[in-house]
Amino acid sequence: MTTKNPTPAMSPASKSPVNEGARRSASAMLNKVPEVFLLFWVVKIFSTTVGETAADFLASNVGLGLTGTSLIMAGLTAVALAFQFRARRYVPAIYWACVVLISIMGTLITDNLVDNFGVSLWTTTFAFSAALAATFAAWFRSERTLSIHTILTSRREGFYWSAILLTFALGTSAGDLFGEKLALGYLPSAGLFGLLIALVTLAHLKGGLNAVLAFWTAYILTRPFGASVGDYLTQAPADGGLGLGANATSGLFLVVIVAAVAWFTSQQRKADALQTSAATEVVTA
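Because the structure is predicted, anything quoted here is derived from the model rather than measured.

Participant: Help me understand the packing of helix α5 (residues 121–143) against helix α6 (residues 154–181) in this model?
Facilitator: The geometry of α5 relative to α6 is characterised by a closest axis approach of 9 Å and an angle of 160° between their N-to-C directions. Overall, the two elements α5 and α6 adopt an arrangement that is roughly antiparallel. Considering only the axes of α5 and α6, their crossing is left-handed. Looking at the contact of α5 with α6 residue by residue, the classes come out as 16 nonpolar, 8 polar and 5 charged.

Below, the structure is given as structure tokens:
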């Protein structure tokens, strides 16, 4: 689904002294997330699949174990987010590095709760659903919007990345719940979540479903979809997968992600050059 950046109207409240500082801060910070179009969703789904396969690869194949992998990835995620929060605009390489790392962290959070602490998938799915709902409620109560097109302040960005982490953790729990606990299987689970994504897209394009609600619903569903696809590709045939292994699958998907981010970066540079040229023409006119 594709959404457009809205142009907010200036309300009387926005002219008050209370909002003046926020408006000055927002004017110095451009929107920190990318435009949403087809390639965005492709990279998002590939990132969720890498989150599933990379976590398994590091914990099992490399031999770091679940705890060791979690500690290393938590450190890398913190570093990536520090760069993201320091940036004053959307930087494709930084943004998508955060998405991939948080995708891995979402998998690890669920795996730690289930494997190390014995929490059931039913419980984690419900708990992450409640936590995500609470995050959206707090976000809306504070900012009066959940739109990703107005991530102009650090507070909004904090809500945004908190929601992203919870969608990944929730998606991992829901995907494992359907694929393993309910024994639906990896491929049927991917088909189920893919169908739900298609229905949400259709409801947005043809049924008038609110763009913000459609975005976040699809964002949540792409996680279990990508996780199910990742499990189907990597797991042994005896377990219902194709047996391609985490190495090959993670490597292939990472190559696609890197290529897409390189294209995003080139497009961003072209847009920056056009804006600089237009600004120069205005100044010299």
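Participant: So what exactly am I meant to see when it comes to helix α7 (residues 186–206) here?
Facilitator: Residues that lie three or four places apart on an α-helix share one face, since the helix turns once every 3.6 residues. Taking 1.5 Å as the rise per residue, α7 with 21 residues should run 30 Å; its terminal C-alpha atoms sit 30 Å apart, in good agreement. Buried within α7 are the following residues: Y186, S189, A190, F193, I197, V200 and H204. Each buried residue of α7 sits inside an arc of 100° when the element is viewed along its axis, so together they form one side. Opposite the packed face of α7, turned more than 90 degrees from it, sit the exposed residues L205 and K206.

Participant: Help me understand unusual backbone geometry in this model?
Facilitator: Only a minority of non-glycine residues have a phi that is not negative, and only a minority of peptide bonds are not trans. At R144, a residue that is not glycine, the phi angle is positive and equals roughly 65°. For R144, the location among the structural elements is in the loop between α5 and α6. In this structure, A183 takes a positive phi of about 55° despite not being glycine. For A183, the location among the structural elements is in the loop between α6 and α7.

Participant: I tried to follow the nonpolar core on my own but got confused; where do I start?
Facilitator: Soluble globular proteins tend to bury their nonpolar side chains together. Counting 57 residues, the largest nonpolar core has Y95, W96, W139, Y160, W216 and Y219 as the members making the most contacts within it. Every element with two or more residues in this core is listed here: α2 (38–61), α3 (65–86), α4 (92–116), α5, α6, α7, α8 (211–234) and α9 (246–284). Among the elements that take part in this core, α4 stands out by supplying 10 residues, more than any other. If we skip the residues at most four places from it in the chain, W96 touches P34, F40, V43, K44, S47, Y90, V261 and F264.

Participant: Just to check I follow, could you spell out α4 for this structure?
Facilitator: The end-to-end C-alpha distance of α4, which contains 25 residues, comes to 35 Å, matching closely the 36 Å that a straight helix rising 1.5 Å per residue would cover. At the exit of α4 stands G118, carrying a positive phi of roughly 70°.

Participant: What exactly am I supposed to notice about the packing of α2 against α4 here?
Facilitator: Axes are the key here: two packed helices are described by the angle between their axes and the distance separating the axes. Orientation of α2 relative to α4, taken along the N-to-C sense of each, is 45°, at an axis distance of 8 Å. Regarding the angle of α2 to α4, the classification is oblique. When you trace α2 past α4, the crossing you get is right-handed. Only Y95, W96, V99, V100, S103, I104, T107, L108 and D111 of α4 make contact with α2, whose side of the interface consists of F40, V43, K44, S47, T48, V50, G51, E52, A54, A55 and D56. Tallied by class, residues from the contact of α2 with α4 come to 11 nonpolar, 5 polar and 4 charged.

Participant: Please clarify how the packing of aromatic side chains should be interpreted in this entry.
Facilitator: Evaluation of the coordinates by the stated rule reveals 24 aromatic pairs. Note on W139 and F159: the rings are 6.2 Å apart at their centroids and 5° apart in plane angle, and the pair reads as stacked. Linking W139 in helix α5 with F159 in helix α6, this pair joins segments that are 20 residues apart in sequence. You'll find W139 and F159 in the same group, each marked buried. Directly above the ring of Y219 sits K44, whose terminal nitrogen or CZ lies 4.2 Å from the centroid.

Participant: Can you help me understand the environment of A190 in this one?
Facilitator: Summarising the element assignment, A190 is placed in helix α7. Here A190 falls in the buried class, since its relative accessible area comes to 8%. Taking C-alpha positions, A190 is 9.6 Å from F178, a pair spaced 12 residues apart along the chain. Once residues within four sequence positions are removed from consideration, A190 is found in contact with F225, S228 and V229.

Conventions we followed
Residues numbered from 1 in each chain as written. Predicted model: local features only at pLDDT ≥ 70, side-chain atom pairs only at ≥ 80, totals over all residues. Heavy atoms only, no water. Axes fitted to C-alpha atoms, helices over the stretch in contact; angles between N-to-C directions. Helix = DSSP H or I, 4+ residues; strand = E, 2+ residues; numbered from the N terminus. Parallel < 35°, antiparallel > 145°, perpendicular 65-115°, else oblique. Left-handed = near helix turned anticlockwise from the far one by under 90°. Nonpolar A, V, L, I, M, F, W, Y, C, P; charged D, E, K, R; others polar. Expected span 1.5 Å × (residues − 1). Buried < 20%, exposed > 50% of the residue type's maximum accessible area, 1.4 Å probe, protein only. Arc of directions from axis to C-beta. Core = buried A, V, L, I, M, F, W, Y, C linked by side-chain atoms within 4.5 Å. Contact = heavy atoms within 4.5 Å. Phe/Tyr/Trp six-rings, centres within 6.5 Å; stacked < 30°, edge-to-face > 60°. Lys NZ or Arg CZ within 6 Å of the ring centre and 35° of its normal.

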